[in-house]
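# Residue-level structure breakdown
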Amino acid sequence: MELQINRVVLERELSLLAGVVAKKDTIPALTGILFEADDNKVVLTGTDLDTTLRTEIDAEVVTPGKVLFRAKQFTEIVKSLDGETVSFAPIPFDERIQVSCGPSSFKVPILGEGFPRLPDAATDPVGTVQSKTLASMIGRVIFTVPGVAILTALPGAALCFEDGAVRLEATDGTRLARVRAEGEGAADAPVTLNVPRRALEALLGLTSGSDPAIITVSQNANQMLFSFGRRLFTATRLAGQLPAYDVIFSKLVNLPNIAALDVKRFVASIRRVSLMTRESEEGINLTFSGLGPELRFNASNGLLGDADESMPISYQGEDMEVRVNATFLTDFLGAVGVETVTAGMINPKAPSLWTARTDTMEYRYVLTPILRNGPAPEPEKPKSKRGKKGDEENA
């Protein structure tokens with residue numbers, strides 16, 4: 001194999017592949033990047049068997065060939081180079097590859113055979129979505145996706161293609177996020193894909209820093225395929241049944257208590273008050289008052305002290321105090337991307353609905369309150385042994 005390739009382009013694609021390649025594995029080939037050169041292009045492939053990325057870049061190919069580089073070593077070498085063009089050439093009577101750029105030259109070992117044969121691309125189309133739109137949606141949902149399966153949730157999100165819209169939703173059992181983007185195409189019928197967290201993380205990395213592109217989504221019995229530009233990302237579908245999100249949202253309509261809040265000021269107040277909490281599970285108190293109207297903040301810890309603050313809001317409803325997890329709330333507020341959000345509540349013990357809207361996107365977030373514990377039972381008084389001792393003395 002002999003060729004030349006642009007260093008900047010190669011480094012960019014290797015950085016994307018690093019998010020897919022297995023870091024450690026009993027199969028050495030899964031820690032490598034397959035490098036295939038032919039027809040003045042190079043195809044790079046990395047996989048951990050659950051997720052796969054195949055990307056194609058232009059190159060001046062003198063002699064076609066295929067090698068498997070150690071992903072971490074090869075990526076670090078390319079990142080260290082200082083030059084415009086990277087050259088690859090075989091070394092006579094040596095299984096290593098000569099990699100040169102500017103004043104630097106490396107004899108890079110390659111992995112043996114064993115790179116898995118990847119499945120053929122699916123032919124069943126699902127829909128399309130803009131890469132920037134998908135990145136924005138994943139960023140608003142991913143923090144609600146658990147890392148592993150738990151009793152109340154699976155480690156994944158539902159990606160739903162509807163007529164003229166795309167929806168992404170997930171829950172960790174205590175909060176639920178749903179974002180819906182208008183103006184995106186879909187296939188002939190509504191389709192829902194269960195996307196595992198690992199795939200969401202990889203897609204976020206692929207779409208966040210890339211040039212705008214239309215992603216074409218397709219599927220087969222076990223996999224989802226995301227094709228955009230000269231890249232193809234494949235992920236195994238998440239097995240299991242995700243919660244019935246529509247049932248939850250159907251119970252949060254026509255809420256009697258509605259507040260509108262300035263995001264920047266709201267976040268700053270939460271962060272200051274939560275300094276008086278040792279753990280997020282302690283929570284902070286939010287008191288919505290029609291007098292003003294205003295929102296009052298309070299946090300109290302026997303060791304750290306107390307904090308109180310207030311801010312003006314727009315509010316219609318009954319005076320109400322809600323105790324919430326400050327971290328869960330700032331996760332949502334940090335992802336909204338708007339200046340104002342609304343909060344809808346039924347009562348202090350019921351989940352609250354937080355909403356943010358843009359011209360093309362609606363972001364809804366359901367947050368379960370932290371319920372106060374009832375008064376602790378009085379400690380049981382120790383039984384007196386005095387009577388028994390007295391009886392012994394009298395005996």
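What this report covers is the structure whose coordinates are included nearby.

## Details of the pattern of salt bridges
All chains considered together, the criterion is met by 19 salt bridges. The salt bridge involving Arg296 is made with Glu294; its shortest N-O contact spans 3.0 Å. Here Arg296 falls in the partly exposed class, since its relative accessible area comes to 35%. The exposure class assigned to Glu294 is partly exposed, which follows from its relative accessible area of 23%. What emerges from the salt-bridge pattern is a single network uniting Glu162, Arg167, Glu169, Arg178, Arg180, Glu182 and Asp246.

## Side note on unusual backbone geometry
Cis geometry is adopted by the peptide bond preceding Pro293, which originates at Gly292 and carries an omega value of -15 degrees. Tracing the backbone shows Pro293 in the loop between β19 (284-289) and β20 (294-301). With a phi close to 80 degrees, Leu49 is a non-glycine residue in the positive phi region. Along the chain, Leu49 falls in the loop between β3 (41-47) and β4 (51-58). A relative accessible area of 47% places Leu49 in the partly exposed class. For Asn254, which is not a glycine, the phi torsion comes out positive at approximately 50 degrees.

## Let's talk about the environment of Thr236
One can find Thr236 in strand β17 (residues 231-236). On a C-alpha basis, the gap between Thr236 and Val67 in space is 26 Å, while along the polypeptide they are 169 residues apart. The contacts of Thr236, once residues within four sequence positions are left out, are Leu49, Asp50, Pro196, Asn222, Gln223 and Met224.

Parameters and conventions
- Residues numbered from 1 in each chain as written.
- Predicted model: local features only at pLDDT ≥ 70, side-chain atom pairs only at ≥ 80, totals over all residues.
- Heavy atoms only, no water.
- Salt bridge = Lys/Arg side-chain N within 4 Å of Asp/Glu carboxyl O.
- Buried < 20%, exposed > 50% of the residue type's maximum accessible area, 1.4 Å probe, protein only.
- Helix = DSSP H or I, 4+ residues; strand = E, 2+ residues; numbered from the N terminus.
- Contact = heavy atoms within 4.5 Å.

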